[in-house]
Amino acid sequence: MGMGPGGTGQGPRACRGPHVSRRLFLIDYRGLSSLTYHQSGRGVCEWSDVGNIAFDVHAGKLKVCVNGVWRDIKVKSDKRRLDYLVPHQVLDTGQGSLDVEVFDLPGEGKFAVFALTDARDQSSLRSRMYQWVNGQFTFYQWLPTQSAQSWEFFSIHSQFFLAVANYGSLKSVPSNSTIFKWNKKSRKFVVYQNIQTYTARDIEAFEINGDYYLAIANHAQNGNSLIDSVVYKWSW
């Protein structure tokens, strides 16, 4: 048993009205065909049931509570189904995660890197990277971060990079956001360049007419939010 969208999480309430049985039960609406409703009775439902779907055992019909009235649900015969996402895997990242970047490395496979942060201890943190193996993500590598906020994967001339926006440990001092480069020999990402930032919140890579750029959104410095964000250009 379950409830339709907009439910309150409480059990079904008895419905009033001569045309609707008082024996109504909430049902799980997943897997039903495409649904529409039309009015055929004037049974009154509680406002807390608006959006809930129920089965009228007396009339043998599905009903939905719309604006305080139980209305019949008409099931179309086109046999289409409603599709829903279902849980596939639970990953224990160890700390709170603010962002995830999923990307493909040619010849290596699919990876996901999580931006991990911990309000209790922002002085020393690492973020986790996973690889897709046999239908699930498995741990692959630690990456040094400092209250990571956002990750960005990008490539330049067949070289592959991961960049992280680090919030840092203190608002009063600058921190480093880091660019990692894929090392083919070790098959790991290694630190390539550090960029001074101020409580950075986001990072984005882009290309314009063959030139490559990296934009970093700074949040505040010494409590002052009127601070510049910076766009960097790739140069050899």
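In what follows, the structure referred to is the one given above.
In this text, all values refer to a predicted model and were calculated from it rather than measured experimentally. (Residues numbered from 1 in each chain as written. Predicted model: local features only at pLDDT ≥ 70, side-chain atom pairs only at ≥ 80, totals over all residues. Heavy atoms only, no water.)

Peer 1: Looking at this model, I keep getting lost on the overall build of the chain. Mind explaining?
Peer 2: Scanning the chain for helices and strands turns up zero helices and 16 strands. For the chain, the proportion of its 236 residues judged to be buried stands at 39%. Pairs at least 24 residues apart make up 44% of the contacts formed inside the chain by residues separated by at least 6 positions. A total accessible area of about 13,900 Å² is found for the chain, and carbon and sulfur atoms account for 50% of it. (Helix = DSSP H or I, 4+ residues; strand = E, 2+ residues; numbered from the N terminus. Buried < 20%, exposed > 50% of the residue type's maximum accessible area, 1.4 Å probe, protein only. Contact = heavy atoms within 4.5 Å. Areas by Shrake-Rupley, 256 points an atom, 1.4 Å probe, with all protein chains shown as cover.)

Peer 1: Teacher, can you tell me more about the pattern of salt bridges here?
Peer 2: When the charged atoms of two side chains lie near each other, side chains of opposite charge can form a pair. Here the structure, examined in full by the defined rule, presents five salt bridges. The salt bridge involving Asp104 is made with Lys110; its shortest N-O contact spans 3.1 Å. For Asp104, a relative accessible area of 44% gives the class partly exposed. Between Glu108 and Arg187 there is a salt bridge whose closest N-O contact spans 2.9 Å. You can see Glu108 sitting in the loop between strand 6 (96-105) and strand 7 (109-117) and its partner Arg187 sitting in the loop between strand 12 (175-183) and strand 13 (188-197), a full 79 residues away along the chain. Residue Arg187 is classed as partly exposed on the basis of its relative accessible area of 42%. (Salt bridge = Lys/Arg side-chain N within 4 Å of Asp/Glu carboxyl O.)

Peer 1: Help me understand the sheet that holds strand 14 (residues 202-208), please; the structure alone is not making it clear to me.
Peer 2: One open sheet holds the three strands; their spatial order is 14-15-16, and the pairing between them is antiparallel. Each of the sheet's edge strands pairs with one partner strand only, and the pair in question is strand 14 and strand 16 (230-233). Across the sheet, the axes of successive neighbouring strands diverge by a mean angle of 20°, strand direction being ignored. For strand 15 (residues 211-217) and strand 16, the ladder comprises four bridges, and the chain directions are antiparallel. Its bridge partner lying in strand 16, Ala215 is registered against Val231. (Pairing = 2+ DSSP bridges. Axes fitted to C-alpha atoms, helices over the stretch in contact; angles between N-to-C directions.)

Peer 1: Help me understand the environment of Ser97, please; the structure alone is not making it clear to me.
Peer 2: Secondary-structure assignment places Ser97 in strand 6. On the basis of relative accessible area, Ser97 is assigned to the partly exposed category, the value being 37%. Linking Ser97 and Ser127, residues 30 residues apart in sequence, is a C-alpha distance of 9.0 Å. When neighbours within four sequence positions are excluded, Ser97 is seen to be in contact with Phe114, Ala115 and Leu116. A polar atom in the side chain of Ser97 sits 3.4 Å from the backbone oxygen of Asp99. (Polar contact = N/O pair within 3.5 Å; in protein donor to acceptor, adjacent residues only side chain to side chain.)

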